[in-house]
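# A look at the structure
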Amino acid sequence: MIEVVSAARCVACDVCVKVCPTDVFERGPDGVPVIARQGDCQTCFMCEAHCPTDALYVAPFSDPAPPGSPHADEAALGPALGAYRRIVGWGSGRTPGSRADKNHLFTRRVRVVPERPED
Amino acid sequence: MTGALDTDVLVLGGGPAGTWAALAAASAGARVVLADKGYCGTSGPTASGGNNLWYLPPDGPGDARARAVESRFEQSGRLADRRWMARVLDETYRRVDDLAAWGYPFPEEDGVQLRGSLQGPEYMKRMRRRVHRSGVTILDHHPALRLLVDDWGVVAGAAGLARQRAAAPWTVRAGAVVLATGGCAFLSGAFGTNVDTGDGHLMAAELGAELSGMEFSAAYALSPAHGAHTKGLMMQFATYTTEDGAEVEVPDPLTARTRVAELLAAGERVYARLDRAPRDLRAAMREAQPNYFLPLDKAGIDPFRDRYPVRMVLEGTVRGTGGLRIVADDCATTVPGLFAAGDVATREPVSGAVSGGGAYNGAWAISSGTWAGAGAARFGAGRARPRAVPAGRAGLEPGALDPAEVVAAVQAEVLPLDRNYFRTRAGLRRSLARLDALWRRVAAEGVAGTGRDRLRARQAAALTAHARWSYRAALARDESRGLHRLVGAPTRDEYEHRILTGGLDEPWTAPEPPADPRLGPPPVPWSADPVHESPGALA
Ligand SMILES: Cc1cc2nc3c(=O)[nH]c(=O)nc-3n(C[C@H](O)[C@H](O)[C@H](O)COP(=O)(O)OP(=O)(O)OC[C@H]3O[C@@H](n4cnc5c(N)ncnc54)[C@H](O)[C@@H]3O)c2cc1C
Ligand code: SF4
Ligand code: SF4
């Protein structure tokens, strides 16, 4: 679930408020988004991919991080913020991650087995 | 947007099916509005998870497409339709050509683009841009709650709320509507699927639309137990163990799912480790499915070295196959003016009784979206629409029930593996009795909530309806086939037909009647490719 909005990095662009499919954020009084409905977060990482300043961290858990968890601690997370945007390859000077897509290597094998795992 | 708009074609849902529909309608000259519950470009499981596609070039070796259709037909539990399978292959191929022409950054091997996989964020960001440039009006965070219907019983638009504008009501009057609202994963949390709550099915059924294949709704997928990242492709390299470290015996990790489900249903913990992955492939695995590995990395798990607990997450009719019945090549439903594309439609024409995830669904979203958009433009452009009034009832007016409790009550019947993955006649009947009682309360007492919470109320009603159709159709299929596993009941030849369902206060099921021979084969306007000219030759 979404855990961290870094006020230090955020430029109050509203992108995350717009792109979150389940409308988890609200614009805060200073323009920095607030996690208003964490329970609606579906851990899809889309906000992390779209935030232009790597100000967001989505923890990998389907439940909220417990109090004191490093997953809710901006200082402890450091470079983990914006990890998905790096992988997707968005941001200046980056190559789209889709250019390195290797799914063909793995779907080839699946194709010969009748009860395939979907993906 | 708040207030009222008027357009030729209204598309509800902005995932792959909705965006392809909007493009097709716009390129046919129609004025188009697209409204999404979330954000067109990030919403839905394709945007977050990506799609491997059922994708075969026509110039492949020999008669590759015809052979693929034939073998996939057998795998489908013989409920797919060879002519539709061939159509989907052909249309998908040509539309993916468009994507390439628009600059989608495909990977290359020896100077040749590999086009069988689409990375979700990149794909859907580009689809949004394309839709926007085609002059389509995009309304984000505009969930539709109900359809409009005119004096002649023809669908004439939709109404909903603008949830980022103080939940203001909106209305779009339209000559035709394309439903592309996705399947229903029952708010299980499988990443990307919580927007898919079966709203479109409910809106359509309120106007008498028929559904098909709803018994094929028991799609579950494996994810690490701490999360809901249900990407399954890499599980081909998994070794599964139980708490005591004993290896789960399966003939091939690819077919491990049912055995793992049995253990989980019995309350055991099951662990996975991707230790069968050849070392030289591990970097490529990460590049193929980054969002399987990122959540593991973040959790501090090295999946090649550490074993991690897994669970099965319900994906319902997202990676299941049931949905609105399609009755024409342009994806018309049984309600005039209403077209269905993507997961909201039954995918039986391509995947039959087996899961549509992993190949067919993505291809189906592209092709059915394209057909539905064109069909809606033909139907809707310039059509007069006198006095359109809102339809629908359940969950629309504020009432007494707590939406979270309704959702929990539905989930209690559909999420547990021993109720839905492994179905029994008695269990289905018990669940249906409770779900029917729940529906009666939803209809009589209403669901609580004001403002933006009207959406939660409506979703609660939609989930209830979806569960009832799923289990009614499941009882009507007194055998096991594909995704419908009735414990102890083998596949029976006399069930080699589709099962229709529908209705709300009085739900019904019926076998699909055989095609009327007097009508002859439907027209084939889509291709002159010799593979498709005589479907009979494939039979
Ligand atoms: C983890 C995962 C992996 C998958 N991988 C593959 C794969 O590799 N290959 C494959 O073929 N398939 C795959 N699938 C299936 C595939 O993602 C879906 O079939 C596909 O997304 C369907 O597209 P769609 O446009 O019909 O629906 P969706 O992508 O679900 O989009 C539906 C849209 O409708 C909107 N909406 C919903 N309700 C309303 C409403 N009331 N009003 C307005 N808008 C609404 C939603 O916000 C959403 O944007 C996968 C599914 C999952 C869950
Ligand atoms: S997208 Fe990033 S920078 Fe923009 S408002 Fe959200 S957190 Fe701030
Ligand atoms: S992870 Fe997805 S659902 Fe959660 S806040 Fe980010 S965009 Fe929204």
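All chains use their own residue numbering, which begins from 1 and follows the written sequence. Chains and ligands are labelled by the order in which they are written, letters from A for the one and numbers from 1 for the other. Residues qualify for local features only when their pLDDT is at least 70, as the model is predicted, and side-chain atom pairs are given and counted only at 80 or more; totals for whole chains, interfaces and linings, by contrast, use all residues. Side-chain measures were taken over the full set of non-hydrogen atoms in the model, leaving aside hydrogen atoms and water.

## Looking at the overall build of chain A
- Along the backbone of chain A there are 5 helices and 4 strands.
- A run of H or I in DSSP counts as a helix once it spans at least four residues, and a run of E counts as a strand once it spans at least two, with each numbered from the N terminus. Listed by position from the N terminus, the elements making up chain A come as β-α-β-β-α-β-α-α-α.
- C-alpha extents for chain A along the principal axes are approximately 55 × 35 × 25 Å.
- Whether a residue is buried, partly exposed or exposed follows from its accessible area with a 1.4 Å probe, protein chains only, as a fraction of its type maximum: under 20%, in between, or over 50%, in that order. Burial statistics for chain A: of 119 residues in total, 55% are counted as buried.
- In chain A, once contacts between residues fewer than 6 apart in sequence are set aside, the share between residues at least 24 apart is 52%.
- Note on areas: these come from Shrake-Rupley sampling with a 1.4 Å probe, and a residue is covered only by the protein chains present in the view. Accessible surface, chain A as shown: approximately 5,000 Å² in total, 57% of it carbon and sulfur.
- Residues counted as positive are Lys and Arg, residues counted as negative are Asp and Glu, and His and the chain ends are not counted. Charged side chains are reduced to one point each, which is NZ for Lys, CZ for Arg, CG for Asp and CD for Glu. With 13 positive and 15 negative side-chain charges, chain A shows a separation of 13 Å between the mean positions of the two kinds. Contacts are assigned to residue pairs with any non-hydrogen atoms lying within 4.5 Å of each other.

## What about unusual backbone geometry?
Residues and elements named next belong to chain B.
- One non-glycine residue with positive phi stands out, namely H141, at about 50 degrees.
- The residue A167 is not glycine, and still its phi comes out positive at about 60 degrees.
- By the element assignment, A167 lies in the loop between β9 (155-162) and β10 (168-179).
- Classification of A167 by relative accessible area gives buried; the value is 17%.

## Some thoughts on the site of ligand 2
- Here a residue is near a molecule or strand as soon as one of its heavy atoms is found within 4 Å of it. Near ligand 2 there are 13 residues, and of these C10(A), C13(A), D14(A), C16(A) and C51(A) occur at the shortest range.
- Just so you know the grouping, Ala, Val, Leu, Ile, Met, Phe, Trp, Tyr, Cys and Pro go in nonpolar, Asp, Glu, Lys and Arg go in charged, and all remaining residues, Gly too, go in polar. Grouping the constituent residues of the shell around ligand 2 by class yields 11 nonpolar, 1 polar and 1 charged.

## A word on the nonpolar core
- Among buried residues, the Ala, Val, Leu, Ile, Met, Phe, Trp, Tyr and Cys ones that are joined through side-chain atoms within 4.5 Å form a nonpolar core. Ranked by size, the top nonpolar core spans 151 residues in total, and within it L12(B), W54(B), Y240(B) and L274(B) carry the most contacts.
- Ranked by residue count, the leading element in this core is helix α16 (residues 453-476) of chain B, at 11 residues.
- Ignoring anything within four residues of it in the chain, the contact list for L12(B) reads A35(B), A144(B), L147(B), A158(B), W170(B), V177(B), V178(B), L179(B), A180(B), T181(B) and M203(B).
- Residues M1(A), A55(A), L56(A) and V88(A) belong to the second largest nonpolar core, which totals 23 residues.

## A word on the interface of chain B and chain A
- Counting residues at the interface gives 66 residues for chain B, matched by 49 residues for chain A.
- When chain B packs against chain A, the two sides together hide about 5,200 Å² of surface, and 54% of this comes from carbon and sulfur.
- Computed with a 1.4 Å rolling probe, the buried area is the accessible surface lost when two parts are put together, summed over both parts. Of all residues in chain B, T42(B), L254(B) and K298(B) give up the largest surface area on contact with chain A, accounting jointly for 13% of the area buried on that side.
- Every case where a carboxyl oxygen of Asp or Glu lies within 4 Å of a side-chain nitrogen of Lys or Arg is listed as a salt bridge. At the boundary of chain B and chain A, one finds 5 salt bridges.

## Let's talk about the environment of H201(B)
Residues and elements named next belong to chain B.
- Summarising the element assignment, H201 is placed in helix α6 (residues 199-205).
- A relative accessible area of 0% means that H201 is categorised as buried.
- Sequence separation of H201 and A465 is 264 residues, and the distance between their C-alpha atoms is 8.6 Å.
- The contacts of H201, once residues within four sequence positions are left out, are G182, G183, L211, G323, L324, D343, V344, H466 and W469.

## Structural notes on the sheet that holds strand β16 (residues 323-324) of chain B
Residues and elements named next belong to chain B.
- Taken in spatial order, the 4 strands line up as β16-β11-β20-β21 in an open sheet, and their pairing is antiparallel. In this open sheet, the two strands that pair with only one neighbour each are β16 and β21 (508-511).
- Strand pairing is assigned whenever DSSP detects at least two bridges linking the two strands. Sheet analysis places strand β20 (residues 499-502) next to β21, joined by 4 bridges and oriented antiparallel. Looking at β21, one finds that L500 is bridged to A510.

## Things to note about the pairing of strand β14 (residues 270-273) of chain B
Residue and element names in this part refer to chain B.
- Strand direction decides the pairing type here: strand β13 (residues 239-242) and β14, joined by 4 bridges, are antiparallel. Looking at β14, one finds that T239 is bridged to R273.
- Bridging between β14 and strand β15 (residues 308-315) involves 3 bridges; their strand directions are antiparallel. The partner of V270 across the bridge, within β15, is V310.

## Section: the domain arrangement of chain B
Residues and elements named next belong to chain B.
- As used throughout, domain bounds are those supplied by an automatic or database domain assignment. Domain parsing of chain B yields domain 1 (3-213 + 321-390), domain 2 (219-316) and domain 3 (398-511).
- Just the C-alpha atoms count here: the centres of domain 1 and domain 3 sit 24 Å apart.
- Between domain 1 and domain 3, the contact holds 36 residues from the first and 32 residues from the second.
- Of the roughly 2,800 Å² buried between domain 1 and domain 3 on both sides combined, carbon and sulfur atoms contribute 67%.
- Where domain 1 meets domain 3, there are 2 salt bridges.
- Between R458 and E206 there is a salt bridge; the shortest N-O distance is 2.7 Å.

## Structural notes on the packing of helix α4 (residues 82-101) of chain B against helix α12 (residues 360-380) of chain B
Residues and elements named next belong to chain B.
- The interhelical angle for the contact between α4 and α12, taken along N-to-C directions, is 90 degrees, at an axis separation of 8 Å. Here α12 runs roughly perpendicular to α4, going by the angle between their axes. Residues W84, R87, V88, E91, T92, R95 and V96 of α4 lie in contact with α12, whose contacting residues are A363, W364, I366, S367, T370 and W371.
- The class makeup of the residues in the contact of α4 with α12 is 7 nonpolar, 3 polar and 3 charged. Lines fitted to C-alpha atoms define the axes, with helix axes restricted to the stretch in contact, and inter-axis angles between N-to-C directions lie between 0 and 180 degrees. Every angle not falling under 35 degrees, over 145, or within 65 to 115 is termed oblique; those three ranges are roughly parallel, roughly antiparallel and roughly perpendicular.

## So, the pattern of salt bridges
Residue and element names in this part refer to chain B.
- For the coordinates displayed, the defined rule picks out 53 salt bridges over all chains.
- R425 serves as the salt-bridge partner of D478, at 2.6 Å between the closest nitrogen and oxygen. You can see D478 sitting in the loop between α16 and β20 and its partner R425 sitting in helix α15 (residues 425-445), a full 53 residues away along the chain.
- With a relative accessible area of 22%, D478 lands in the partly exposed category.
- On the basis of relative accessible area, R425 is assigned to the partly exposed category, the value being 38%.
- Notably, a salt bridge pairs E479 with R477, separated by 2.6 Å at the nearest N-O pair.
- Here E479 falls in the buried class, since its relative accessible area comes to 0%.
- A single network of salt bridges, built from pairs that share partners, joins R65, D90, E91, R94, R95 and D98.

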